[in-house]
Amino acid sequence: MSPTDRIPTNLRTLLILEVLGKSDHAMTATEINEQLGLPKQTVHRLCVTLEENGFLTRPGKSKSYQVARRLRDLGSGLLHNSRDHVARHQILTDVARQIGETVNYAVPGNSGMHYLDRVETDWPFRIQLPIGSSVPFHCTASGKTFLASLAPKKRETLVSSLNLKAMTQHTLVDPQKLLDQLAAIRKQGYSLDQEEFLEGMVAIAVPVLDPNNRFFAALAYHGPAQRMSLNDAVEKKHILHDAAVRLSSVLFQED
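Please read all numbers here as calculations on a predicted model, not as lab measurements. (Residues numbered from 1 in each chain as written. Predicted model: local features only at pLDDT ≥ 70, side-chain atom pairs only at ≥ 80, totals over all residues. Heavy atoms only, no water.)

1. Side note on the overall build of the protein
Thought 1: When you go through the protein residue by residue, the secondary structure sums to 10 helices and nine strands.
Thought 2: Buried positions account for 44% of the 255 residues belonging to the protein.
Thought 3: Taking as baseline every contact in the protein between residues at least 6 positions apart, the subset at least 24 positions apart corresponds to 56%.
Thought 4: Accessible surface computed for the protein: about 13,500 Å², of which carbon and sulfur atoms make up 53%. (Helix = DSSP H or I, 4+ residues; strand = E, 2+ residues; numbered from the N terminus. Buried < 20%, exposed > 50% of the residue type's maximum accessible area, 1.4 Å probe, protein only. Contact = heavy atoms within 4.5 Å. Areas by Shrake-Rupley, 256 points an atom, 1.4 Å probe, with all protein chains shown as cover.)

Below, the structure written as structure tokens:
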């Protein structure tokens, strides 16, 4: 009996999820197994079971698998409830203290960016977007930061599938104009919301990256345009960038 034959089924399942979680593209069962060396039929069977239960999906019903919503929700939940949540919240609190506006931590979901954590400003006049709420990709600073992180072809495909609804008169609803802006965001390393989501609200966001330099979350802050200048936000972007590096270190530190 080979060492791989002695691996319990539940551990084999986790190994499959680990391979896909580290990959930046969808993989066939055969490609997954090239890294694991398990019995071929076993890997195919486990992938089918994971797909049937909502942990994996096959884009366009191809032969390649990628993580699905249920697995992403599981990952977000594990991070939210881990000891790292306290450290993460402290970093957000530190950013809010330096900037004086509401700071948000958001991850991509099926329908938009999902707020996992936030620290509110002490100002009596503030714009509240509670934890647990989701906001569109195309007209928010955090959402555009995520879209800009995608490879050009994937970016075009996702933008073409979005409902580019005009939330305000400033919302970009032309796909090509949005793609042009996303290309610029990719180069500059931060994104702005210039009253595109809500009239009177502006925001700035930067990406939080994993150890493989892939987008994991967005760190952002927003405030009313009467009080918060976008020029001032850009000048303070280093505060967000520094905090994003700290967040990455906390979230992905070795045990």
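2. What about empty space enclosed by the protein?
Thought 1: For the structure shown, the criterion picks out one cavity of 30 Å³ or more.
Thought 2: Roughly 80 Å³ of volume is contained in the largest cavity.
Thought 3: Of all elements in the fold, only helix 6 (141-149), strand 8 (201-209) and strand 9 (215-224) reach the threshold of two or more residues within the lining of the largest cavity.
Thought 4: Broken down by element, the lining of the largest cavity gets its largest block of residues, three residues, from strand 9.
Thought 5: Residues of the lining of the largest cavity, tallied by class, amount to eight nonpolar, four polar and one charged. (1 Å grid on protein atoms, 1.4 Å probe; cavity = no way out; pocket = protein on both sides within 12 Å on 5 of 7 lines; lining within 4 Å. Points joined across faces, edges and corners; volume = space filled by probe spheres on them. Nonpolar A, V, L, I, M, F, W, Y, C, P; charged D, E, K, R; others polar.)

3. Examining the sheet that holds strand 8
Thought 1: Strand order in the open sheet formed by six strands is 6-5-4-9-8-7, and the pairing between neighbours is antiparallel. Two strands bound the open sheet, and with one partner strand each, they are strand 6 (134-135) and strand 7 (191-194).
Thought 2: In this fold helix 6 packs onto strand 4 (102-108), strand 5 (113-119), strand 6, strand 7, strand 8 and strand 9, with an angle of close to 40 degrees to the strand it touches most, strand 8. (Pairing = 2+ DSSP bridges. Axes fitted to C-alpha atoms, helices over the stretch in contact; angles between N-to-C directions.)

4. Section: the sheet that holds strand 2 (residues 56-57)
Thought 1: Strand order in the open sheet formed by three strands is 1-3-2, and the pairing between neighbours is antiparallel. Each edge of the sheet is formed by a strand with only one pairing partner; in this case those strands are strand 1 (27-28) and strand 2.
Thought 2: Pairing of strand 1 with strand 3 (residues 64-67) involves two bridges; the strand directions are antiparallel. Bridge pairing links Thr 28 to Ser 64 in strand 3.
Thought 3: Where helix 1 (residues 9-22) meets the sheet, it contacts strand 1, strand 2 and strand 3, and its direction lies at approximately 85 degrees from that of strand 3.

5. Details of the side chain of Ser 64
Thought 1: Secondary-structure assignment places Ser 64 in strand 3.
Thought 2: For Ser 64, a relative accessible area of 18% corresponds to the buried category.

6. Quick look at the nonpolar core
Thought 1: The biggest cluster of nonpolar side chains holds 30 residues, and the ones touching the most others in it are Tyr 105, Leu 219 and Tyr 221.
Thought 2: Residue assignment for this core shows that the elements contributing at least two residues are helix 5 (84-99), strand 4, strand 5, strand 8, strand 9, helix 9 (230-235) and helix 10 (237-251).
Thought 3: Take this core: its biggest share by element is seven residues, from helix 10.
Thought 4: In contact with Tyr 221, other than residues within four places in its own chain, are Ile 99, Glu 101, Thr 102, Val 103, Val 202, Ala 203, Ile 204, Met 228, Ala 233, Lys 236 and Leu 240.
Thought 5: If you look at the next biggest cluster of nonpolar residues, it comprises 20 residues, including Ala 106, Leu 178, Ile 185 and Phe 197. (Core = buried A, V, L, I, M, F, W, Y, C linked by side-chain atoms within 4.5 Å.)

7. Some points on the pairing of strand 5
Thought 1: Among the seven residues in strand 5, six count as buried, and that is most of the element.
Thought 2: Strand direction decides the pairing type here: strand 4 and strand 5, joined by six bridges, are antiparallel. Of the residues in strand 5, the one forming a bridge with Ala 106 is Tyr 115.
Thought 3: Between strand 4 and strand 5, which pair antiparallel one after the other, the connecting turn spans four residues, and Gly 112 there sits at a positive phi close to 155 degrees.
Thought 4: Direction of pairing for strand 5 relative to strand 6: antiparallel, over a ladder of two bridges. Bridge pairing links Met 113 to Val 135 in strand 6.

8. Considering the packing of aromatic side chains
Thought 1: Under the counting rule described, the total for this entry stands at three aromatic pairs.
Thought 2: With 5.4 Å between their ring centres and 55 degrees between their planes, Phe 146 and Phe 215 make a pair best called tilted. A residue pair is termed long-range when its members are at least 10 positions apart, and Phe 146 in helix 6 and Phe 215 in strand 9 qualify at 69 residues.
Thought 3: You can call Phe 215 buried: its relative accessible area is 16%.
Thought 4: Judged by centre distance (5.1 Å) and plane angle (80 degrees), the rings of Phe 216 and Phe 252 are edge-to-face. In this pair, Phe 216 is assigned in strand 9 and Phe 252 in the segment after helix 10, connecting sequence segments 36 residues apart.
Thought 5: Residue classification places Phe 216 among the partly exposed residues on the basis of a relative accessible area of 24%.
Thought 6: For Phe 252, a relative accessible area of 27% corresponds to the partly exposed category.
Thought 7: One Lys or Arg, Arg 118, reaches over the ring of Tyr 115 and ends 5.5 Å from the middle of that ring. (Phe/Tyr/Trp six-rings, centres within 6.5 Å; stacked < 30°, edge-to-face > 60°. Lys NZ or Arg CZ within 6 Å of the ring centre and 35° of its normal.)

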